[in-house]
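In case you want the letters, here they are:
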Amino acid sequence: MMPQHSSWNRRVFKARLPDARGPREGAENGPGQKTLANRCWETVKFAHMILFLLLSHYPEYTLDTVRVLGTRLPAGFSGAMTSVWTLDSSWLRSAPWQSAERALALSPGVHLSARGMPGVQADISSGAGNYAQTAILLNGVRCDDPQTAHHNLDLPLGIVDLGRVEIARGGASSLAGPGASSGAVNLVTGDPVDGVLSDAFAAGFGTCGGRAETGNGKLSLGLSGARSDGYRSGSDYRMWRVFQKTSLGDAKAFASYSWKRFGARDFYAPYPSREWTSCGILTLNWKGLSAGARRHTDRFVLLEDDPELYENNHTKTSALCSWSAGLGPGFWGLEISWWELRSDRLGYHQAPGAAIFYQAGLGFGPLRLAIGVREDWREGTGFAPSLNAGFSCTFWEITGRVSGSLATRFPSATELYYQDPKNSGNPNLLPERTMRAELALGWRWLEMGGFAVRFDELIDWAKNPDGVWEARNIRGVRGYGAWAEARSRWFFVGWWHQRKEAQEEYESKYALRTPSNSVKAGIPWIFLSWEDGTCLVSGQVSLGRGPFSMSLFGDNLLNQSYETVPGLPGPPRTLGMGLQYFIRG
């Protein structure tokens, strides 16, 4: 049996759980007994106290000015803590469509559940986790949505705005904060254009759009828009966006606002629904300082022809500021955050938060040790420790890596408070805790490895005997997986196998639905994704002359029938054409 609640659990999380009265019935571990999970979390607390004393005596390293998933350690040290897959601008530009989330599907080990047409709505998961266990960052600033993780990727940016994408396919909570127990994605915007850049595209199903940006290399302003009739009834959309980029030496800023209206048929229930969302975001980066703010609105009607029957309206506002400075062989930092939710169904909630963190790397010839510790606090939830540690050794161009992580995820407002005839939130949910271990072996452009993970108090929606989906903490959930990858400048291929099993039998709505086997491969302009028997092929070919370029692109070229989420069919074969015009300033 998995560990039950300890006295430490109740003391830390009692603010969120005013009705908790000790262990549930059947608990086998009393207050005086220490489970493996308790000992692991006590080790994290002990590490927090001694790291500054032990590591500050070593000489300081030069820290990277470019953040990689929130760390400024040199790449060789940060790579020892977790596996990070990076997509640079050359790979991003070769992907079809202009939606930023489609770029994430290029990474092996990453599962993208897209609802509707590209750019409408999508969830991402990795490392045997689900969409709520993968943190989303923009320019190193966490952008999680307090209402639901379904909106984490609803960000006002396109694939052309990105300079690179970093994807951690394992535990990364000490790097990215709570919610990164199974992975993290850092979307890094590119520099402002120096000149005038405009493009337009057209594709099947009445899909078309365009984008224009003008700037002087230090400041740029832009506008984009797109529309589609959809590939089936209730899959149409309209969207537009305004944005600006600033780059002045070490100071960078990105601001953008988007508005969407789209058909949401079968997104959450088998009804012809419709949804409206808007999102405004601002990120600022200067040396060791990062700050950002996000405001997201969501209006949802269950029946488009009868909006008064059932309607949800949510407005979320969040802000975050993080500062870090060198200390010994690494750096330490502080973070403050705040979010607010106003909802006609979930009520009003707000929570300030704070965190302190330290990351360090030690090198001894071919040996490298990296460690990151973090302590988060959130009003109404309490404290949450995180740990990432990794050890790597290189001989004869062969590198072996052993790493582990401990992480916490807080429940979302939907999981806590949502109520309707078919779904029931649970205000007594406990935070979810994750322990993960990884082993990897690499040689030049090859890497293979495996991982094991244990989820304590996994948060999931389970169907009860009355047919109602209830938010619950699930005990005894374990996962494991293996991977093999090869990549170079001109190609990549990766195979991932992952499974997740619960000791108790129940019908899972989200958490246990993870593709068991996946293969992803690509060369410039052609990409293949195979997941549990579904093979999707996409590609793009571009030709350019002078300031003009033209591209032909296709998605689902084999015209496969598949479901992106249960009950929601994905788009069939789609062909399109794009034009681009660029005059350098």
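About the thresholds
- Residues numbered from 1 in each chain as written.
- Predicted model: local features only at pLDDT ≥ 70, side-chain atom pairs only at ≥ 80, totals over all residues.
- Heavy atoms only, no water.
- Disulfide = S-S within 2.5 Å.
- Buried < 20%, exposed > 50% of the residue type's maximum accessible area, 1.4 Å probe, protein only.
- Helix = DSSP H or I, 4+ residues; strand = E, 2+ residues; numbered from the N terminus.
- Polar contact = N/O pair within 3.5 Å; in protein donor to acceptor, adjacent residues only side chain to side chain.
- Salt bridge = Lys/Arg side-chain N within 4 Å of Asp/Glu carboxyl O.
- Pairing = 2+ DSSP bridges.

Chemist: How should the state of the cysteines be read in this particular structure?
Modeler: Each disulfide consists of a covalent bond between the sulfur atoms of two cysteine residues. Within the structure shown, the criterion is met by 0 disulfides. Cysteine Cys143 is unpaired, with the sulfur of Cys279 as its nearest cysteine sulfur at 7.9 Å. Cys143 gets classed as buried once you look at its relative accessible area, which sits at 4%.

Chemist: Looking at this model, I keep getting lost on the environment of Arg409. Mind explaining?
Modeler: With respect to the helices and strands, the residue Arg409 is situated in strand 20 (residues 398-409). Among the residues examined, Arg409 registers a relative accessible area of 5% and is labelled buried. Distance from Arg409 to Ile459, taken between C-alpha atoms, is 9.0 Å for residues 50 residues apart in sequence. Separated by 3.3 Å, the side chains of Arg409 and Glu415 make a polar contact.

Chemist: Which parts of the structure should I look at to understand the pattern of salt bridges?
Modeler: Where charged atoms from two side chains of opposite charge approach closely, those side chains can pair. In the structure shown here, the tally under the stated rule is 32 salt bridges. A salt bridge links Lys260 to Asp154, with the shortest nitrogen-to-oxygen separation between them at 3.2 Å. Remark: Asp154 occurs in the loop between strand 5 (141-142) and strand 6 (162-168) and Lys260 occurs in strand 12 (residues 251-263); sequence separation between them is 106 residues. Across the pair, exposure class does not vary: Lys260 and Asp154 are buried alike. Each member of the salt-bridge network shares a partner with another, and the members are Arg142, Asp144, Glu335, Arg374 and Asp376.

Chemist: Can you help me understand the sheet that holds strand 7 (residues 183-189) in this one?
Modeler: The strands making up a sheet associate through hydrogen bonds between their backbones, and the pairing can be parallel or antiparallel. Here 5 strands make up an open sheet; going across it, the order is 1-6-7-4-5 and the pairing mixed. Of all strands in the sheet, those with a lone pairing partner are strand 1 (84-88) and strand 5, marking the two edges. Relative to strand 7, strand 6 runs antiparallel, the two being bridged by 6 bridges. Looking at strand 7, one finds that Glu166 is bridged to Asn186.

Everything listed is a geometric property; what it means functionally is a separate question.
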